[in-house]
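Observations on the model geometry
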Amino acid sequence: MFQRRLKVFLAFLFAALVVLALRVIWLQIIRADDFLAEAARVLERSPQWIETMRGSIYDRRDRVLAEDRAGFDLCLHYKLTRIYDDRFWHTLKLRYADDAPDAVVTASRARRLFKNSFNISADHINNLLDGLEDSDPVPVEMIRQVARAKADKLIDDLAEICQLSPADFVEPITRINNEIYNLQVAVARRCVYRNLEQPTPVAPGNQAILDDLVRLLPDEKKRLLEIDETRVYEMTEPQLALQSLPEDIALTIEERFVGRFFDANRRERPILIRTGKHRNYPWQDKACHLVGTMRPATDIQDKSQNSPPVDDELFAYQIGDRQGDWGSEYMFEDVLRGRRGWVLKDIEDNDIIRKDPVLGRDVKLTIDIELQSRIQTLFQGRNSLAQSFTGAAVLIDVPTGQILAMVSVPTFDLNTYYNLPQYELINEIKTPDPLRRRRNRAIGVNYQPGSTIKPTQLLGILQQGLINAHTTFDCSYANKDWSGPPSDIKNHGPIASEDAVMRSCNFYFITVGQTMGSLRLTDWLDLAGFGRTILFWDDSHAEKAAFAFRETAGHVRPIGKDHLSIFNLRFVSIGRGCLDGSVLQIANAVSTIARDGVYISPYIILEPAAQPQPQRIASVSNAHDVQKAMRAVIYKSSGTGFKAFQPLPWQEDTVKLYGKTGSTDYSVFACFAQAAKDQRALALAVLAETEVHGSDVAAPLAREILITAAKLGYLPEPMFDD
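What comes next concerns the included structure.

Rules used in this analysis
- Residues numbered from 1 in each chain as written.
- Predicted model: local features only at pLDDT ≥ 70, side-chain atom pairs only at ≥ 80, totals over all residues.
- Heavy atoms only, no water.
- Axes fitted to C-alpha atoms, helices over the stretch in contact; angles between N-to-C directions.
- Helix = DSSP H or I, 4+ residues; strand = E, 2+ residues; numbered from the N terminus.
- Parallel < 35°, antiparallel > 145°, perpendicular 65-115°, else oblique.
- Left-handed = near helix turned anticlockwise from the far one by under 90°.
- Contact = heavy atoms within 4.5 Å.
- Nonpolar A, V, L, I, M, F, W, Y, C, P; charged D, E, K, R; others polar.
- Pairing = 2+ DSSP bridges.

Side note on the packing of helix 7 (residues 140–162) against helix 11 (residues 247–257)
In the contact formed by helix 7 and helix 11, the axes pass within 9 Å of each other and the chain directions differ by 150 degrees. On the basis of their axis angle, the class for helix 7 and helix 11 is roughly antiparallel. The two elements helix 7 and helix 11 cross, and the hand of that crossing is right-handed. Across from Leu154, Asp157, Leu158, Ile161 and Cys162 in helix 7, the residues of helix 11 making contact are Ile249, Thr252, Ile253, Arg256 and Phe257. Of the residues that constitute the contact of helix 7 with helix 11, the class distribution is seven nonpolar, one polar and two charged.

What follows is the structure, encoded as structure tokens:
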């Protein structure tokens, strides 16, 4: 009997050992990887995104024009902002009733909502639901009113500390709600396609994504519940509401709102201050049209919360990100932006997986911001005329084609660009701004060049061999063979090219135009840089330039025509009629003459480096003939620019000056200055929006600009301090 019991026991023991062995094999061999992974997950911390730093924008002398600076940001939790979202409440009502206005929840659920979602105190909950059993109904609308009152009190307190109106929080709250809702819609749509075992098609924008989801889920209740049940990472993280708070206000907010939580575990703070970064523009309104500014990012993608992100996700924009809106900030977004990182650590703070951030690269402009600033102040009234002018000036380094200054007045402060009153004024949203501040008058507005085109016209006819510098035309009234305009013709008699430029003889240059003819004249203007955009960009950025800087091409022919009529030809020959373009084009045309007939596309970017190739379009001897005529404009007493340049800033053996006045509806002057003993040379175009002769306003301003440039080392020192 004992032996039989022993055998049974041993058999049972053997079977147990076999089962145990199989279990060990199952755990340690067959399922080993799964259990190791599960154990590792227990020892992991939550993954963290690592922010990058945007590159800076510098001028040619390494002075900062735009940079990221540390600051204090105000963040709001989605559990607070959604209280102001009608979509949230509409969905909550649909969840509990077909007839939304009559939607109710049980008193027990109402208590959980009040406590965990809206941070209503226990005493307040008891007062609200006094006498109700757990199963008794509570209207959703009542819950909404109580939550809204609680939220309003928080926002009112916050606005008071920030010295703002509660209305100032409408925009950031709406933005946060919209961004998170759009993310929910996008993720819900992907889930639907995944359930259908179909690839998710690309949709161009948030509205197209929502429209597609409506098509997939036409039943409103089903669709809204699907969206509501979709969780995205941003719903659990504080979202940016206001940037760059002063330190004292940030500290007051932290002190006032510490301890106000949404859930029982006291983790989710509705209002939070975090250290962040903001874009700062130290030179404020100087070069504002070139530097540009930032705006909240579009095409937001939801964050990968647990799995390591791929490169596209690291480069993707997330809620709170900003991106270039226009100007250099937009043009070089891919250079400046950088890439965020991602890290997963264990409980001992050791890296499990790390993807380091990549810092944004810097951009360097060709402009000298100090020179830019001083020229701007000349336009704004600190000039010998003691007047302020709307207009533009472009100063080019002749040997390289680099733009040293591109001034457009009026200006605006980039640091406050998005302040609502200024933004509406600059962008002419409510009341059109007669000054049109957003326009870059140096490259984005068409002006008739007037007589400043005459040196270019002269170079063209000389290069085509139709006349030489000594050829004379009899510019007498008796030879005027047309009636009507252009009628501003003076009786200069027989004159050659030098006198024609010096005295700005319209009759001479109308004859030049008629001699060249429509086709040769317009082809030459095209070659000289009119009728087309001329700023140089490398291939990788050229497509973005049209939006970033809105450079005008101007016109050398009537719109829709491929040739000039006899009537148009007369006007184009003297820089009027259908011929128009930018101040930059005028400056670059005289720069080509100063370069002895070599055309270089002007450019404003030093880094990332991209340099245009020079192109000879005229001979040295022909260019010298034109230069001689332009010198007479300033140095001979009958020259149209003589009076404006008295007293001369330099002796001729120090700096030689060349110029040409222009008078259209505006005052225009184009010139260049060459140092006699080295390679320093500057080309300049100035336009003031005032209906006087070029010699009255633009030429005196040009003289002061050249003196200003000399004081900063771009020409020899002037003989006296203006």
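Picking up after the structure, the text goes on.
Quick word on the sheet that holds strand 10 (residues 341–345)
Taking strand neighbours across the sheet as the criterion, the three strands line up as 1-10-11 in an open arrangement whose pairing is antiparallel. Of all the strands in the sheet, just strand 1 (48–50) and strand 11 (351–355) have a single pairing partner and so form its edges. Adjacent strand axes in the sheet meet at a mean angle of 20 degrees when their direction is disregarded. Pairing of strand 10 with strand 11 involves four bridges; the strand directions are antiparallel. Residue pairing for strand 11: Trp342 is matched across the bridge by Lys355.

Looking at the sheet that holds strand 22 (residues 681–688)
Strand order in this open sheet of five strands is 14-13-22-21-20, and the pairing throughout is antiparallel. Only two strands of the sheet have a single neighbouring strand rather than two, namely strand 14 (403–409) and strand 20 (655–663). Averaged over neighbouring strand pairs, the angle between their axes works out to 10 degrees when direction is ignored. In terms of strand pairing, strand 20 meets strand 21 (residues 667–675) through nine bridges, oriented antiparallel. In the sheet register, Gly659 faces strand 21, and the bridge partner there is Cys671.

Some words on the pairing of strand 3 (residues 64–76)
Two faces make up the sheet, and in a regular strand the side chains alternate between them. Note that strand 2 (residues 57–58) and strand 3 share two bridges and pair antiparallel. The partner of Ile57 across the bridge, within strand 3, is Ala66. Adjacent in sequence and paired antiparallel, strand 2 and strand 3 are bridged by five residues, among which Asp62 carries a positive phi angle near 65 degrees. Where strand 3 and strand 6 (residues 239–245) come together, four bridges link them in antiparallel fashion. Paired with Cys75 across the two strands is Leu240, which belongs to strand 6.

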